[in-house]
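# A look at the structure
Residues per chain, in single letters:
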Amino acid sequence: MEPSDEALCQRVAKRDVAAFELLVERYQGRAYRLAWSIVRDPEDARDLSQEAFIRLHESAGSFGGRSKFSTWFYRIVVNLCLDHKRKRRWWKPWAGDAADDQGESFLERQPAPVTDPVDELGREQTMKDLWAAVDRLAPRQRAAVVLQVQEELATYEIAEVLKCSEATVRVHLHRAMNALKKTMKNMEKR
Amino acid sequence: MAKHPETDLVPYLRGELPPAERERVARHLDECPDCRQDTDQLRELLGELSRSIAEPPAVNWARYRAELREKLEARRGRRAWWWQPVPLALATSLAGVLLFVAVWGVGRQVPTAGDPVAFEEAAIGRNLGLLEQYQVVERLDLLEEDLDFMSDLDGLAAGRPG
């Protein structure tokens with residue numbers, strides 16, 4: 001029988017190299033995809049997800065087993081990505097990320113897309129625009145949407161990852177969905 | 001009508017609400033056309049998002065893991081020289097010794113020759129060990145007094161004033 005993630009993590013805490021390698025193989029795809037969904041840069045996503053594994057290696061002993069390993073590990077990945085976004089915003093105020101925390105108001109200022117949503121190509125573009133709108137959400141709202149839609153985490157798990165209450169996650173999701181609905185309406189109008 | 005359950009709609013659509021809350025939201029939706037419309041739009045939006053999840057650029061996983069191993073080694077190496085138990089213990093001991101010397105040096109002023117009282121106190125301080133033999137010291141004092149007394153008696157016997 002395959003060892004559970006939690007059992008592997010306990011072995012990593014005892015410096016078991018094979019257990020670490022196995023956890024990396026299990027989670028490399030998810031860690032990279034999650035990081036990429038938040039930072040949207042393949043190089044950064046690679047570095048950040050690798051850094052998450054290094055943190056896992058260093059702090060496996062602090063995994064208490066109260067939550068699932070995946071939730072605990074996602075928290076490491078998401079925190080690294082949010083920190084990364086904050087740092088980039090600090091020294092790149094002129095970049096697109098400067099609007100990260102402006103949420104809806106920024107979305108409302110977006111120019112109308114030029115493609116026709118009726119045909120398939122247009123539809124593809126619409127979906128791209130929709131995810132581009134997700135990228136422009138405030139970092140924690142974006143993380144909540146990605147964790148829910150892409151990683152299919154339940155609200156209480158998202159709360160554990162983001163270290164906040166379930167009520168706060170619901171508010172993040174509500175605000176994010178409102179912003180995205182407005183984007184969709186704008187796309188339908190054109 | 002009760003407050004609009006705006007923040008409950010996503011968990012409601014995902015079937016995450018406990019039965020009582022779910023019932024409350026469902027009742028509200030029966031009565032509130034605005035919330036019903038919101039819920040329909042939300043359902044459509046969540047569906048669109050799920051169907052259109054973008055995949056990140058492909059990664060060579062063997063190279064990814066090799067890079068990770070290198071980074072891990074580099075991190076270990078950076079810490080290794082001072083973070084190992086022995087150097088760490090030595091560094092701690094050295095810091096302790098320096099602290100002791102600093103405190104001792106500040107607290108222990110060397111008296112100058114121009115201050116005889118301080119010089120004498122310093123001399124006594126250096127021989128504080130004698131106090132551990134206090135009874136012997138006391139007896140020496142008594143002996144000194146006895147010697148003075150006997151000297152006085154000798155003087156009287158010889159016709160000298162005391």
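Presented here is a report on the structure given in the accompanying data block.

Rules used throughout
- Counting restarts for each chain: residues are numbered from 1 in the order of the written sequence.
- Going through the entries in the order they are written, you letter the chains from A and number the ligands from 1.
- Residue-level local features of this predicted model are given only where pLDDT is at least 70; pairs of side-chain atoms are given and counted only at 80 or more, and the full residue set underlies all totals for whole chains, interfaces and linings.
- With hydrogens and water excluded, all non-hydrogen atoms of the structure serve as input to the side-chain values.
- The contact definition used throughout considers only heavy atoms, calling two residues in contact when any of these lie within 4.5 Å.
- Note on definitions: buried area is the accessible-area loss of two parts on being combined, 1.4 Å probe, summed for both.
- The working definition used for a salt bridge is a side-chain nitrogen of Lys or Arg within 4 Å of a carboxyl oxygen of Asp or Glu.
- Runs of H or I in DSSP of at least four residues are treated as helices and runs of E of at least two as strands, each being numbered from the N terminus.
- In this classification, the charged set is Asp, Glu, Lys and Arg, the nonpolar set is Ala, Val, Leu, Ile, Met, Phe, Trp, Tyr, Cys and Pro, and all remaining amino acids, among them Gly, are polar.
- Surface patches are defined over residues having more than 30% relative accessible area and no salt bridge, joining like charges when they lie within 9 Å and nonpolar side chains (Val, Leu, Ile, Met, Phe, Trp, Tyr) when within 5 Å.
- Residue-level accessible areas treat just the shown protein chains as cover; the underlying method is Shrake-Rupley with a 1.4 Å probe.
- For every residue, the accessible area obtained with a 1.4 Å probe (protein chains only) is divided by the maximum for its type, and the residue is called buried under 20%, exposed over 50%, and partly exposed between those limits.
- Pairs of cysteine sulfur atoms within 2.5 Å are what we label disulfides.
- Here the aromatic set is Phe, Tyr and Trp, taking the six-membered ring for Trp, and pairing holds for ring centres within 6.5 Å; pairs whose planes are under 30 degrees apart are stacked, those over 60 apart are edge-to-face, and all others are tilted.
- Any helix carries an expected span of 1.5 Å times its number of residues minus one.
- This arc is built from the directions going out from the helix axis to the C-beta atoms.

### Some words on the interface of chain A and chain B
Across the contact, 42 residues belong to chain A and 38 residues belong to chain B. Summing the contributions of chain A and of chain B, the shared interface buries around 3700 Å²; its carbon and sulfur component is 60%. In this structure, the connection of chain A to chain B is made through 9 salt bridges. The residue A:Glu58 makes a salt bridge to B:Arg75 at a minimum N-O spacing of 3.9 Å. Those elements giving two or more residues to the side of chain A that touches chain B turn out to be helix H2 (17-39), helix H3 (42-59), helix H6 (120-135), helix H7 (139-150) and helix H9 (166-189) of chain A. Here the element with the most residues in the side of chain A that touches chain B is H3(A); it accounts for 10 residues. Of the residues assigned to the side of chain A that touches chain B, the class counts are 20 nonpolar, 9 polar and 13 charged.

### Looking at a nonpolar patch on the surface
Residues and elements named next belong to chain B. On the surface, Val-97, Phe-100, Val-101 and Trp-104 cluster together into a nonpolar patch covering about 450 Å² of accessible area. Among the secondary structure elements, Val-97 is positioned in helix H5 (residues 85-107). The partly exposed category is assigned to Val-97, whose relative accessible area is 49%.

### Some remarks on the environment of A:Ser165
Residues and elements named next belong to chain A. Checked against the element boundaries, Ser-165 lands in the loop between helix H8 (155-162) and H9. A relative accessible area of 37% places Ser-165 in the partly exposed class. Along the sequence, Ser-165 and Thr-155 sit 10 residues apart, while their C-alpha atoms lie 9.4 Å from each other.

### Thoughts on the state of the cysteines
Considering all chains together, one arrives at 0 disulfides over all chains under this definition. Between B:Cys35, a cysteine without a disulfide, and B:Cys32, which holds the nearest cysteine sulfur, the sulfur-to-sulfur distance is 3.6 Å.

### Topic: the environment of A:Asp44
Residue and element names in this part refer to chain A. Within the element layout of this structure, Asp-44 appears in helix H3. For Asp-44 and Cys-81, which are 37 residues apart along the polypeptide, the C-alpha to C-alpha distance reads 8.9 Å. Asp-44 has contacts with Val-39, His-84 and Arg-88, leaving out every residue within four places of it along the chain.

### Digging into the pattern of salt bridges
Inspection of every chain in the model, using the stated rule, returns 24 salt bridges over all chains. In this structure, the salt-bridge partner of B:Arg75 is A:Glu51, at a minimum N-O distance of 2.7 Å. Note that B:Arg75 is positioned in helix H4 (residues 61-83) and A:Glu51 in helix H3, a pairing that runs across two chains. Since its relative accessible area comes to 19%, B:Arg75 is described here as buried. With a shortest N-O distance of 3.8 Å, B:Asp38 and A:Lys181 are connected by a salt bridge. Of the two residues, B:Asp38 sits in helix H3 (residues 33-51) while A:Lys181 sits in helix H9, which places them in two different chains. Given a relative accessible area of 28%, B:Asp38 falls into the partly exposed group.

### A short note on the packing of aromatic side chains
Residues and elements named next belong to chain A. Applying the stated criterion to the full structure yields 9 aromatic pairs over all chains. A ring pair is formed by Tyr-27 and Phe-69, whose centres lie 5.2 Å apart and whose planes are at 75°; its orientation type is edge-to-face. Of this pair, Tyr-27 sits in helix H2 while Phe-69 sits in helix H4 (residues 69-91), placing them 42 residues apart in sequence. Geometrically, the ring pair formed by Phe-69 and Phe-73 is stacked, given 5.8 Å between the ring centres and 5° between the ring planes. With Phe-69 and Phe-73 both in helix H4, this residue pair falls 4 residues apart, about one helical turn.

### Regarding helix H2 (residues 19-31) of chain B
What sets the pattern is the α-helix's 3.6 residues per turn: residues three or four places apart point alike. Residues and elements named next belong to chain B. Between its first and last C-alpha, H2 extends 19 Å over 13 residues, near the 18 Å set by a 1.5 Å rise per residue. Buried within H2 we find Val-25, His-28 and Leu-29. The arc that holds the buried residues of H2, viewed along the axis, is 100°, so those residues lie on one side. Exposed and facing more than 90 degrees away from the buried side of H2 are Pro-19, Ala-20 and Asp-30. Along its buried surface, H2 packs onto helix H1 (9-13) and H3.

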